[in-house]
Amino acid sequence: MSGLVMQLKQYRLTTAEILYHMPDHPSLLQTYLWQDYDLAPQFPTLRKFLDFWAHNLDGRLHSVKVASVDLLAPPKWRNANELLTMH
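Cut-off values and rules
Along each chain, the written sequence defines residue order, and numbers are assigned to residues from 1. Only residues with pLDDT of 70 or above have their local features reported here, since the model is predicted, and side-chain atom pairs are shown and tallied only from 80 upward, although totals for entire chains, interfaces and linings are computed over all residues. The side-chain figures draw on all heavy atoms in the structure; neither hydrogens nor water molecules are used. Secondary structure elements are defined from DSSP: runs of H or I of at least 4 residues count as helices, runs of E of at least 2 residues count as strands, and each element is numbered from the N terminus. Based on C-alpha atoms, the radius of gyration is set beside the globule rule, defined as 2.2 Å times the residue count to the power 0.38. When a residue's accessible area, from a 1.4 Å probe over protein chains only, is under 20% of the maximum for its type it is buried; when over 50% it is exposed; and in between it is partly exposed. The method behind every accessible area is Shrake-Rupley, applied with a 1.4 Å probe, and residues are considered shielded solely by the protein chains displayed. Two strands are said to pair when DSSP picks up at least two bridges between them. Interaxial angle, 0 to 180 degrees, is taken between N-to-C directions of lines fitted to C-alpha atoms, where a helix line uses only the stretch in contact. Contacts between residues were defined by any pair of non-hydrogen atoms, one from each residue, lying within 4.5 Å. Contacts described as polar in this section are N or O atom pairs within 3.5 Å, which, within protein, must combine one atom able to donate a hydrogen with one able to accept it, while residues neighboring in sequence count only if both atoms come from side chains.

Q: Please set out the overall build of the chain residue by residue, giving values where relevant.
A: A count of helices and strands for the chain gives 2 helices and 3 strands. Going from N to C terminus, the chain has its helices and strands arranged as α-β-β-α-β. Over its C-alpha atoms the chain spans a radius of gyration of 20 Å, topping by over 25% the 12 Å that the globule rule assigns to 87 residues. Taken along its principal axes, the extent of the C-alpha atoms in the chain is 65 × 35 × 20 Å. Burial status across the chain gives 18% buried among its 87 residues. Only carbon and sulfur atoms are counted for the fraction: they give 56% of the accessible area of the chain, which is about 7300 Å².

In C-alpha cells, the structure reads:
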C-alpha cells in the first residue's frame, strides 16, 4: 500500500530507537533506528520486527524507545497576539 492509503487507514509514521548489546562485545551498546508505518498504540509491525530480532539475531535487545506521529491531521491555526512593524 502507498503511504497515503496507510495513513487513511489510521497508520502512523513510527520511529523506534533500538539499543542492543553488540554480539562480540556484550558490554557495549549499539543503536539501530527503525522506521515504518504502524498502528498505535499496539504497534503490531514493530512487535513483529522485535520478535524476529529476538529469535534470529545475535545482538540481545537492551531497550526500545518509540515515537509515533499522525501525519494526516486537520490544519492548525491561531490568532496572532501581537503585530510588530519594522522599518
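Q: Quick rundown of the sheet that holds strand E2 (residues 29-38)? Include the residues and the values.
A: Spatial ordering of the open sheet is given by E2-E1-E3, a layout of 3 strands whose pairing is antiparallel. Looking at which strands have only one partner, the edges of the open sheet turn out to be E2 and strand E3 (61-69). Adjacent strand axes in the sheet meet at a mean angle of 15 degrees, parallel and antiparallel pairs treated alike. In terms of strand pairing, strand E1 (residues 12-21) meets E3 through 8 bridges, oriented antiparallel. Looking at E3, one finds that Leu19 is bridged to Ser63. On the sheet, helix H2 (residues 44-56) packs against E1, E2 and E3 and is oriented at approximately 145 degrees with respect to E2.

Q: I'd love a proper account of the side chain of His21, names of residues and values included.
A: Looking at the element boundaries, His21 is found in strand E1. Looking at His21, its side chain comes within polar contact range of the main-chain oxygen of Pro26, at 2.8 Å. With near-sequence residues (within four places) excluded, His21 lies in contact with Pro26, Leu28, Leu29, Gly59, Arg60, Leu61 and His62.

Nothing here speaks to function; it is all geometry.
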